[in-house]
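# Report on the structure
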Amino acid sequence: MLPSPFRAVPLGRTPRVGVIGAGYWGRNVVRVLHELGALAVVCDPDGEALAEAGKLCPGVRLCRDRAELLTDPAVDAVAVAAPATDHYRLAREALLAGKRVFVEKPLTLAEAGAAELTALARACGLTLMVGHLMRHHPGFERLLELAREGGLGRIDYVYSNRLNLGKVRREENSLWSFAPHDISMILALAGEEPCRVTATGGNYLRADVADVTTTHLEFPSGMKAHVFVSWLHPFKEQKLVVVGDRKMAVFDDTLSQADKLRLYPHRIDNGDGAVRTEKGEPERVEISAAEPLKVELSRFLDCVRTGAVPVTDGDEGVRVLRVLNEAQRCLDSEDRTPAPGRCGAVSVEPGAEVGEGTTLWHNSRILSGTRVGRDCRIGQNVVAGPDAVIGSGCKIQNNVSVFKGVTLEDGVFCGPSMTFTNVRTPRAHIPRMDELLPTLVRKGATLGGNCTVVCGNTVGRFAFVGAGAVVTRDVPDHALVVGNPARRTGWVCECGVKLDDALRCPACGLGYETAGEGLARK
C-alpha cells in the first residue's frame, strides 16, 4: 500500500505555489504564477537563477534548500521546472510532503516512475498535472473542438514539426525535449493509444544524444501520425497538420494570431476510380489570444482549488511516456556503426526499402515509399523519392535527385548533377503534383553528367545520353543522343562503346539489328 499521510481536500481558495527550478523555462513558470497572484516561494540551488527570479518578481521569497519549501505549511502546491532527470524524485518528495504537484514535461523518464507518482497522487487525493503546454494552447483546443464536432470528418493523418536552432541539451535528446507536446496533442486527436510506434534519429553533435528524430504512430482506427523534431534546424517551425476526409487543418504557432489556425476545405475524391482533387480557399479560425502557459497554470490552480481532474493528469502523462519510451527503444536499437562505403549523415525514412549490398554516401536521403534494389551505389547529396523506384545494380553519382514519378530499371547509370523533372509547367506559387508525368529509364541506360531528362519520356535499354544533353522525347534502345534538344548521332553496345556502320561493337564484337525504332542483339 502506498503511503497516504492524509486525504487532501479541495482548497476552495487561490493556492500558494512554490516553484522548484528557476532556469531556462522555470523563469516563465515563476513569472506567470506571480502574475496570477499564486507565487509563494522560488527554490533553486543556483544563486544566479534565484537572483534573476527575484528581479522578475520583486519581494518573492527565495531559497536554495527545497526542504524549506516542502516543509512550509503555507505552500499548498509545488511546480517542478527542473531538468527532466530530476522530475520523478522531486515530484515524489512533494507528493509525500502533502503538496499538490505540477510537473513540466515529461512527467518522468520511465513509465514505472510515472505510474507510481500517479498512484501516489490518487491515493493521497492530491492533484498531479503534467506540463504538456500545447495541449492547453487556445489554438489547439479550438482545433480539437472542431475535430470532435466532426468538422474535419474522419481523421486519416496527422503530422507535427517542432524545429529550431537550439536549445541543445545534454541530459535529454530532441525526442524527449520537444516531442511530448506533439504526442499529447496527437493522442487527444486520436482518442486512443497507438498500436505501433517506430522512430529513427540522427546523432551529430554527440554520439549519445539524438539531435533529430522522426517518430511514426499507427492507431487501431487506421489513423497515422508522425512527429519530426530537431534542434539543428535553420529556422523555428511549430506546425501541426491534420488531414481529414472532409477538411484539413493547419495549426502553426509561429504565425500571427489571425493565422495560427486555418481550415482548408480540400478534398480528394476517388470513389469511381478517377482521382479528383477539389481545392478551396483557406479560412481563418478565430482563437483566443491568451498566453498558453497562463491558461495551463490557471487550470492547475483551479484544479487545486476545486479538486477537478486536470486534462493533462498523471494518467495522460503515462500514455505520452509509453509512446516516448517505445520510440526511444527504436532509437536505441539503431545500428550506429558506419557500414562499409557509408559515411556522414545518411537518412533512410520509415517506409523506404533499401536492398542488400546497397551503399549510401554522405548526405544522401531515401524518402518514404521509395524502393532501392540490391547492390546499388548512391553517391553524396543524392535524394530519392518519395515513392521513386530504383532497380538493382544502379549507380547514381553525386548531387542527383530522383523525384517521385521516376523509375530506374536495373543497371542504370546517372552521372554527376544530372537532372530529372516531374512537372512540365512548374510554378512556385501553384501546386501541380497532380500533373506529375512519369519518367522511365530502361535497363542498362547511361545518363551523362549534367544532362536533363524532361518528364513524360522513356530512355530505352542501354541507351546513352551524352553529358549536358536535354532529353525532350523518347530515346530508342541503344541510341546515342547528344545536344539540346537531344538527337541521335549513333548507336551504342551494351558495353557502352559506339557501334560501327555494320552495327557491330568494335570492342566486344556483339552485333545488332534494327528492332522498332531501336536496336536489339542479333
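None of the values given here were measured: they were computed from a predicted structure.

### Re the overall build of the protein
- When you go through the protein residue by residue, the secondary structure sums to nine helices and 39 strands.
- C-alpha atoms of the protein, sized along the principal axes, occupy 100 × 50 × 45 Å.
- Expressed as a percentage of the 522 residues in the protein, the buried residues total 48%.
- Sequence separation of 24 or more characterises 47% of the internal contacts of the protein that already satisfy a separation of 6 or more.
- On the protein, roughly 23,800 Å² of surface is accessible, and the fraction owed to carbon and sulfur atoms is 50%.

### Overview of the nonpolar core
- One finds Leu 69, Phe 140, Leu 143, Val 158, Leu 189, Leu 240 and Val 242 to be the most contacted residues of the largest nonpolar core, which totals 72 residues.
- It is helix H7 (residues 174–190) that provides the largest number of residues to this core, a total of eleven residues.
- In this structure, Phe 140 is in contact with Met 134, Arg 135, Met 185, Ala 188, Leu 189, Leu 240 and Phe 251, ignoring residues within four places of it in sequence.
- Core analysis: the next-biggest nonpolar cluster, separate from the first, contains 41 residues, Ile 390, Val 453, Val 459 and Val 471 among them.

### Quick word on the packing of aromatic side chains
- Within the structure shown, the criterion is met by three aromatic pairs.
- On the numbers, 5.6 Å between centres and 55° between planes, the contact of Phe 102 with Phe 300 is tilted. With Phe 102 in strand S5 (residues 100–104) and Phe 300 in helix H8 (residues 292–306), the pair connects residues that are 198 residues apart, well separated along the chain.
- Given the relative accessible area of 1%, Phe 102 is considered buried.
- Where Tyr 157 meets Tyr 159, the ring centres are 6.1 Å apart and the plane angle is 40°; that geometry is what we call tilted.
- When its relative accessible area of 30% is taken as the criterion, Tyr 157 is described as partly exposed.

### A closer look at the side chain of Asp 44
- Mapped onto the elements of the fold, Asp 44 is located in the loop between strand S2 (39–43) and helix H2 (47–56).
- The side chain of Asp 44 is buried and forms no salt bridge, while Arg 64, the nearest opposite charge, is found at 7.8 Å.
- Reaching out from Asp 44, the side chain makes a polar contact with the backbone nitrogen of Ala 22 at a distance of 2.8 Å.
- Separated by 2.8 Å, the side chain of Asp 44 and the backbone nitrogen of Asp 46 make a polar contact.
- Contact partners of Asp 44, with chain neighbours within four places excluded, come to Gly 21, Ala 22, Gly 23, Ala 49, Leu 50, Cys 63 and Arg 64.

### Digging into the packing of helix H4 (residues 87–96) against helix H5 (residues 111–124)
- In the contact formed by H4 and H5, the axes pass within 10 Å of each other and the chain directions differ by 15°. With respect to H5, the element H4 is oriented roughly parallel. The chirality of how H4 crosses H5 is left-handed. Judged by residue contacts, Tyr 88, Ala 91, Arg 92, Leu 95 and Leu 96 of H4 engage Gly 113, Glu 116, Leu 117, Leu 120 and Ala 121 from H5.
- In terms of residue class, the contact of H4 with H5 is built from seven nonpolar, one polar and two charged.

### Side note on helix H1 (residues 26–35)
- Burial in H1 covers these residues: Gly 26, Val 29, Val 30, Val 32 and Leu 33.
- The elements touched by buried residues of H1 are strand S1 (17–20), S2, H2, strand S4 (77–80), S5 and H8.
- At the exit of H1 stands Gly 37, carrying a positive phi of roughly 75°.

### Examining the pairing of strand S37 (residues 487–491)
- The sheet contact formed by strand S36 (residues 479–482) and S37 spans four bridges and is antiparallel. In the sheet register, Val 481 faces S37, and the bridge partner there is Arg 488.
- Two successive antiparallel strands, S36 and S37, enclose a turn made up of four residues, where Gly 483 displays a positive phi of approximately 90°.

### Quick look at the layout of surface pockets
- Here the second largest pocket defines a volume of roughly 1,000 Å³.
- Going through the elements one at a time, H1, strand S7 (155–165), H7, strand S11 (232–244) and H8 are the ones with two or more residues in the lining of the second largest pocket.
- Here the lining of the second largest pocket gets four residues from one element, more than from any other, and that element is S7.
- Its residues assigned to classes, the lining of the second largest pocket comprises 14 nonpolar, eleven polar and twelve charged.

### With respect to the packing of helix H6 (residues 138–148) against H7
- Two numbers describe how H6 lies on H7: the axes approach to 10 Å, and their chain directions differ by 20°. Between H6 and H7, the interaxial angle falls into the category roughly parallel. Classified by chirality, the crossing of H7 by H6 is right-handed. Here Phe 140, Leu 144, Ala 147 and Arg 148 of H6 lie close against H7, whose contacting residues are Met 185, Ala 188 and Leu 189.
- Of the residues assigned to the contact of H6 with H7, the class counts are six nonpolar, no polar and one charged.

### As for the sheet that holds strand S26 (residues 401–402)
- Taken together, the four strands give an open sheet; going across it, the order is S17-S20-S23-S26, and neighbouring strands pair in parallel fashion. In this open sheet, the two strands that pair with only one neighbour each are strand S17 (347–348) and S26.
- Taken together, the two bridges between strand S23 (residues 383–384) and S26 define a ladder with parallel strand orientation. Paired with Ala 384 across the bridge in S26 is Val 402.

Reading the values: rules and limits
- Residues numbered from 1 in each chain as written.
- Predicted model: local features only at pLDDT ≥ 70, side-chain atom pairs only at ≥ 80, totals over all residues.
- Heavy atoms only, no water.
- Helix = DSSP H or I, 4+ residues; strand = E, 2+ residues; numbered from the N terminus.
- Buried < 20%, exposed > 50% of the residue type's maximum accessible area, 1.4 Å probe, protein only.
- Contact = heavy atoms within 4.5 Å.
- Areas by Shrake-Rupley, 256 points an atom, 1.4 Å probe, with all protein chains shown as cover.
- Core = buried A, V, L, I, M, F, W, Y, C linked by side-chain atoms within 4.5 Å.
- Phe/Tyr/Trp six-rings, centres within 6.5 Å; stacked < 30°, edge-to-face > 60°.
- Lys, Arg positive; Asp, Glu negative; His and termini not counted.
- Salt bridge = Lys/Arg side-chain N within 4 Å of Asp/Glu carboxyl O.
- Polar contact = N/O pair within 3.5 Å; in protein donor to acceptor, adjacent residues only side chain to side chain.
- Axes fitted to C-alpha atoms, helices over the stretch in contact; angles between N-to-C directions.
- Parallel < 35°, antiparallel > 145°, perpendicular 65-115°, else oblique.
- Left-handed = near helix turned anticlockwise from the far one by under 90°.
- Nonpolar A, V, L, I, M, F, W, Y, C, P; charged D, E, K, R; others polar.
- Pairing = 2+ DSSP bridges.
- 1 Å grid on protein atoms, 1.4 Å probe; cavity = no way out; pocket = protein on both sides within 12 Å on 5 of 7 lines; lining within 4 Å.
- Points joined across faces, edges and corners; volume = space filled by probe spheres on them.

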